[in-house]
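Given next are the chains, with one letter for each unit.
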Amino acid sequence: MPRLTAVNPATVTGPAKALLDGVQSKLGMTPNLMRTMAHSPAVLDAYLKFSGTLTTGALSAQHREQISLTVGEANHCEYCVSAHSALGKRAGLSPTQILENRAGVDSDPATAALLKFSRTIVAKRGQVSDQDLQDIRDAGFSEEQIAEIAANVALNIFTNYFNNIARTEIDFPTVEPLPAGLAAANSW
């Protein structure tokens, strides 16, 4: 049961209405995450600007979704894992990739390094080692991409924590827990 309610886009007014109308126009729906953030137009506006700006960066849509999946699973955010499983599919990820990425693994070595680095940022609360940075560089990621990895992890930590606090009602197909073999790979 939600602990923070989602606002009704039909009855909300002011800046929140304008922001939610923009979301509806762009996405064709108004996800409960954004409807719940709309209690504070400042929070919703900050989220929309941060996430929107990152779509113009050097990381591909697939890499951004893969980061979202692994960080969401690491932070036990059922809303985000469900949402990014659907969005990952739209970005071209296969069902197998989505499951593996939730566990922080991938058959592609560069993507595996990206997910390992993302999980390391979460686990070490940003206090990554010189070797962690060298490993992601060795996987072929530029400093621009490393900066964006950090930003995407931070954005996902925000949404994971927000949804965990709010217990946002999931309005995407709900995902099942990871299978035992992948859940073991996901353990810290």
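Before any of the text, the structure's been laid out above.
Residues numbered from 1 in each chain as written. Predicted model: local features only at pLDDT ≥ 70, side-chain atom pairs only at ≥ 80, totals over all residues. Heavy atoms only, no water.

Taken together, the side chains of Leu4, Tyr161 and Ile165 present a nonpolar region at the surface, about 300 Å² in accessible area. Here tyrosine 161 lies in helix H9 (residues 143-166). Since its relative accessible area comes to 46%, tyrosine 161 is described here as partly exposed. (Patch = residues over 30% accessible without salt bridge, like charges linked within 9 Å, V, L, I, M, F, W, Y side chains within 5 Å. Areas by Shrake-Rupley, 256 points an atom, 1.4 Å probe, with all protein chains shown as cover. Salt bridge = Lys/Arg side-chain N within 4 Å of Asp/Glu carboxyl O. Helix = DSSP H or I, 4+ residues; strand = E, 2+ residues; numbered from the N terminus. Buried < 20%, exposed > 50% of the residue type's maximum accessible area, 1.4 Å probe, protein only.)

On to the nonpolar core, then. Membership of the largest hydrophobic core comes to 22 residues, with the highest contact counts inside it found for Leu20 and Leu44. Looking at this core, the elements that each hand over two or more residues are helix H1 (14-27), helix H2 (32-37), helix H3 (41-54), helix H5 (78-90) and H9. Among all residues touching leucine 20, those that are not within four sequence positions of it are Val7, Pro9, Val12, Thr30, Met34, Arg35, Ala38 and Leu44. If you look at the next biggest cluster of nonpolar residues, it comprises 14 residues, including Ile67, Ala74, Phe117 and Ile149. (Core = buried A, V, L, I, M, F, W, Y, C linked by side-chain atoms within 4.5 Å. Contact = heavy atoms within 4.5 Å.)

The next point concerns the packing of aromatic side chains. For the structure on display, the rule yields two aromatic pairs. Taking 6.0 Å as the distance between ring centres and 85 degrees as the angle between the ring planes, the aromatic pair formed by tyrosine 79 and phenylalanine 172 counts as edge-to-face. On the criterion of sequence distance, the pair formed by tyrosine 79 in helix H5 and phenylalanine 172 in the loop between H9 and helix H10 (180-185) is long-range, its members being 93 residues apart. Each member of the pair, tyrosine 79 as well as phenylalanine 172, is classed as buried. (Phe/Tyr/Trp six-rings, centres within 6.5 Å; stacked < 30°, edge-to-face > 60°.)

On to H1. Compared with the 20 Å implied by 1.5 Å per residue over 14 residues, the 20 Å span of H1 between its first and last C-alpha is a close match. Among the residues of H1, those classed as buried are Ala16, Leu19, Leu20 and Val23. Taken around the axis of H1, the buried residues stretch over an arc of 95 degrees, which confines them to a single face. Relative to its buried face, H1 has exposed residues pointing more than 90 degrees away, namely Ala18 and Ser25. Buried positions along H1 lie against H2 and H3. Directly beyond the C-terminal end of H1, a positive phi value near 80 degrees is found at glycine 28. (Expected span 1.5 Å × (residues − 1). Arc of directions from axis to C-beta.)

All told, the structure shown has five salt bridges when counted by the stated rule. Note that aspartate 21 and lysine 17 form a salt bridge whose closest N and O atoms lie 3.5 Å from each other. Taken together, the residues aspartate 21 and lysine 17, both in helix H1 and four residues apart, mark about one turn of the helix. What makes aspartate 21 partly exposed here is its relative accessible area of 38%.

Time to look at the packing of helix H4 (residues 61-74) against H5. Interaxial distance between H4 and H5 falls to 9 Å at its minimum, and their mutual angle equals 160 degrees. Considering the angle they form, H4 stands roughly antiparallel to H5. At the point where H4 passes H5, the crossing takes the left-handed sense. Here Glu65, Ser68, Leu69, Gly72 and Glu73 of H4 come into contact with H5, specifically with Val81, His84, Ser85, Leu87 and Gly88. Residues of the contact of H4 with H5, tallied by class, amount to three nonpolar, five polar and two charged. (Axes fitted to C-alpha atoms, helices over the stretch in contact; angles between N-to-C directions. Parallel < 35°, antiparallel > 145°, perpendicular 65-115°, else oblique. Left-handed = near helix turned anticlockwise from the far one by under 90°. Nonpolar A, V, L, I, M, F, W, Y, C, P; charged D, E, K, R; others polar.)

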